[in-house]
Amino acid sequence: MISFYPGPSKIENNIDKYMQDAFEEGILSCNHRSDEFMQLMQTTIATVKDKLEIPKNYEVFFTSSATECWEITDQSFRGKKFIHIYNGAFGEKWANYNTNKKVEKYKYPIHRSISLHHLDAMEAKSADVLCLTSCETSNTTFIHSKTLQKIRKRYSKPLIFIDATSSMSGINMDWLSADLWYASVQKCFGLPSGLAIMVCSPKALSNLNQEDKHYNNLYSIYKNQQKHQTTHTPNILGIYLLNKVLQQRPHIRKVENELKNRMERLIKLMQKLGYDFIVPTTRLRSPTVLGIKSSEEKVHLIKQEAKKNGITLGNGYGTWKHNTFRIANFPAHTEKDFKNLHDFFRKIEKM
Ligand SMILES: *Cc1c(COP(=O)(O)O)cnc(C)c1O
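Residues numbered from 1 in each chain as written. Predicted model: local features only at pLDDT ≥ 70, side-chain atom pairs only at ≥ 80, totals over all residues. Heavy atoms only, no water.

This chain's UniProt record puts "domain: Aminotransferase class V" (unreviewed entry) on residues 11–316. Helix makes up 40% of residues 11–316 and strand 16%, whereas the separation of the span's terminal C-alpha atoms amounts to 21 Å. (UniProt positions renumbered as here; feature names shortened; annotations may be inferred. Helix = DSSP H or I, 4+ residues; strand = E, 2+ residues; numbered from the N terminus.)

Here it is as structure tokens:
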């Protein structure tokens, strides 16, 4: 079975071997305050920063999931005025998790880009935090890096937080255009779930709520990190695998290029076969997940046939559950996987 589900998705090819390596090297039996673990932390962070081209003065942290990051951004930036900018289920959930007093929501339509006029009217200039979702996995929209740069330029005061769960390590993030980025590893990283990566700018770190007493408060995570430590026993296997997987991947620019080309080819094929997409505008479509619209019966049939052909397609999500399906285009997928997928869609057209 090849999984094109947008997370958990296809696991990186050599994971079984890396797991065996972890077992044999004995790292899994090492205490998380040991030199061996601290060395692994240091190496892994260096690998992440190198392969993803993260600026030197940004910090990389490990958490358990993107969902945990929703709580961390709520608790560790207490009392701030937030504006959540979203157009789908994940962005909305993040907004709804935020228990701060001043939380405003700007829900924009999926066929439009984010409106700066609208943000002006919401007084985004005086907000403390703007929250955005890079790729809204549920409806497959994407925020173009130029849009992010425009937002960054226009609103210089607020911190900018980005849920980059289904784009980090697939797309080259313009790190300087935001202050806090996070992603869980079961999407573009091609790893088993249970680990997430958070990337923070110095500006984000200088605004932390030091009164936050939750075990996972970002201030403690940061303080521990400086000693190559963690606040609690972390997912050591996950960190080990992350390092191994990224080490054997090309640099992010090359990865991004390959994904974008592959997505273009997929879109061309699907267009030729007469499919519609959830997101009508090319520019607003994610390079990492494609959402395809059809009738309920046809979606059901396609998914069933795909299973018979060893292919798992992603279900629709939330309001899009029944009349859409999604295809992940992640770095763990190979050219051969996509050739199989193309062959499959051509084949069922003849049925
Ligand atoms: C998958 C996903 C999440 C949730 O990730 P968890 O690891 O389940 O917490 C959050 N945001 C986006 C955009 C996602 O795609």
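Attention now moves to the sheet that holds strand β8 (residues 159–163). On the basis of which strands lie adjacent, the open sheet formed by seven strands has the order β2-β10-β9-β8-β5-β3-β4 and mixed pairing. Whereas interior strands pair on both sides, the edge strands pair on one side only; in this sheet they are β2 (59–63) and β4 (103–107). The average undirected angle you get between the axes of adjacent strands in this sheet is 20 degrees. Here five bridges tie strand β3 (residues 82–86) to β4, and the two strands are oriented parallel to one another. (Pairing = 2+ DSSP bridges. Axes fitted to C-alpha atoms, helices over the stretch in contact; angles between N-to-C directions.)

So, on to the UniProt feature "modified residue: N6-(pyridoxal phosphate)lysine" (unreviewed entry) in the protein. UniProt feature "modified residue: N6-(pyridoxal phosphate)lysine" (unreviewed entry): in the numbering of this structure it lies at Lys-187. Examined against the element boundaries, Lys-187 turns out to sit in the loop between β9 (180–184) and β10 (196–200). Of the residues examined, Lys-187 reaches a relative accessible area of 9% and is grouped as buried. Contact partners of Lys-187, with chain neighbours within four places excluded, come to Pro-6, Gly-7, Thr-165, Ser-166 and Phe-330. (Buried < 20%, exposed > 50% of the residue type's maximum accessible area, 1.4 Å probe, protein only. Contact = heavy atoms within 4.5 Å.)

Attention now moves to the layout of surface pockets. What the largest pocket holds in volume is close to 510 Å³. Forming the boundary of the largest pocket are 24 residues, of which Phe-142, His-144, Ile-171, Lys-260 and Pro-287 lie nearest the centre. Breaking the lining of the largest pocket down by element, the ones donating at least two residues are α6 (145–154) and α10 (252–272). The element that contributes the greatest number of residues to the lining of the largest pocket is α10, accounting for six residues. When grouped by side-chain class, the residues that make up the lining of the largest pocket number nine nonpolar, eight polar and seven charged. (1 Å grid on protein atoms, 1.4 Å probe; cavity = no way out; pocket = protein on both sides within 12 Å on 5 of 7 lines; lining within 4 Å. Points joined across faces, edges and corners; volume = space filled by probe spheres on them. Nonpolar A, V, L, I, M, F, W, Y, C, P; charged D, E, K, R; others polar.)

As a further point, take the nonpolar core. Counting residues in each nonpolar core, the largest one holds 62 residues, and the members touching the most others are Met-168, Trp-181 and Phe-189. Per-element tally for this core: the top contributor is helix α9 (residues 236–247), with seven residues. Structurally, this core is a two-domain feature, drawing no fewer than three residues from each of domain 1 (2–8 + 251–348) and domain 2 (15–247). Residues within four places of Trp-181 in sequence aside, it is in contact with Tyr-58, Leu-148, Ile-162, Ala-164, Met-168, Met-173, Asp-174, Trp-175, Ile-197, Met-198 and Val-199. With 24 residues, the next largest nonpolar core counts Phe-4, Leu-269, Ile-292 and Leu-313 among its residues. (Core = buried A, V, L, I, M, F, W, Y, C linked by side-chain atoms within 4.5 Å. Domains from an automatic or database assignment.)

What follows covers the pairing of strand β12 (residues 289–293). With four of its five residues buried, β12 lies for the most part within the structure. Note: strand β11 (residues 276–277) against β12, two bridges, orientation antiparallel. Residue Asp-276 lies in a different strand from β12, and its bridge partner there is Lys-293. When β12 meets strand β15 (residues 324–328), the two strands line up antiparallel, connected through five bridges. Each residue of the ladder has a partner; that of Val-289, found in β15, is Ala-328.

Counted by the stated rule, this structure contains 12 aromatic pairs. Arranged with centres 6.2 Å apart and planes meeting at 70 degrees, the rings of Phe-61 and Tyr-222 form a pair that is edge-to-face. Taken together, the positions of Phe-61 in strand β2 and Tyr-222 in helix α8 (residues 218–225) put the pair 161 residues apart, joining distant regions of the chain. Just as Phe-61 is buried, Tyr-222 falls in that class too. With a centroid separation of 4.8 Å and 65 degrees between ring planes, the pair formed by Phe-77 and Phe-161 is classed as edge-to-face. Residue Phe-77 is located in the loop between α3 (66–75) and β3, and its partner Phe-161 is located in strand β8; the two are separated by 84 residues in the primary sequence. Taken together through their ring pairs, the aromatic side chains of Tyr-275, Phe-325, Phe-344 and Phe-345 make up a single cluster. Between the NZ or CZ atom of Lys-187 and the centre of the ring of Phe-90, over which it lies, the distance is 5.2 Å. (Phe/Tyr/Trp six-rings, centres within 6.5 Å; stacked < 30°, edge-to-face > 60°. Lys NZ or Arg CZ within 6 Å of the ring centre and 35° of its normal.)

Evaluated as defined, the whole model comprises three cavities of 30 Å³ or more. What the largest cavity holds in volume is close to 80 Å³. Lining the largest cavity are Asn-87, Tyr-108, Ile-110, Arg-112, Ser-113, Ile-114, Thr-141, Phe-142, Ile-143, His-144, Thr-147 and Leu-284. Residue classes in the lining of the largest cavity are distributed as six nonpolar, five polar and one charged.

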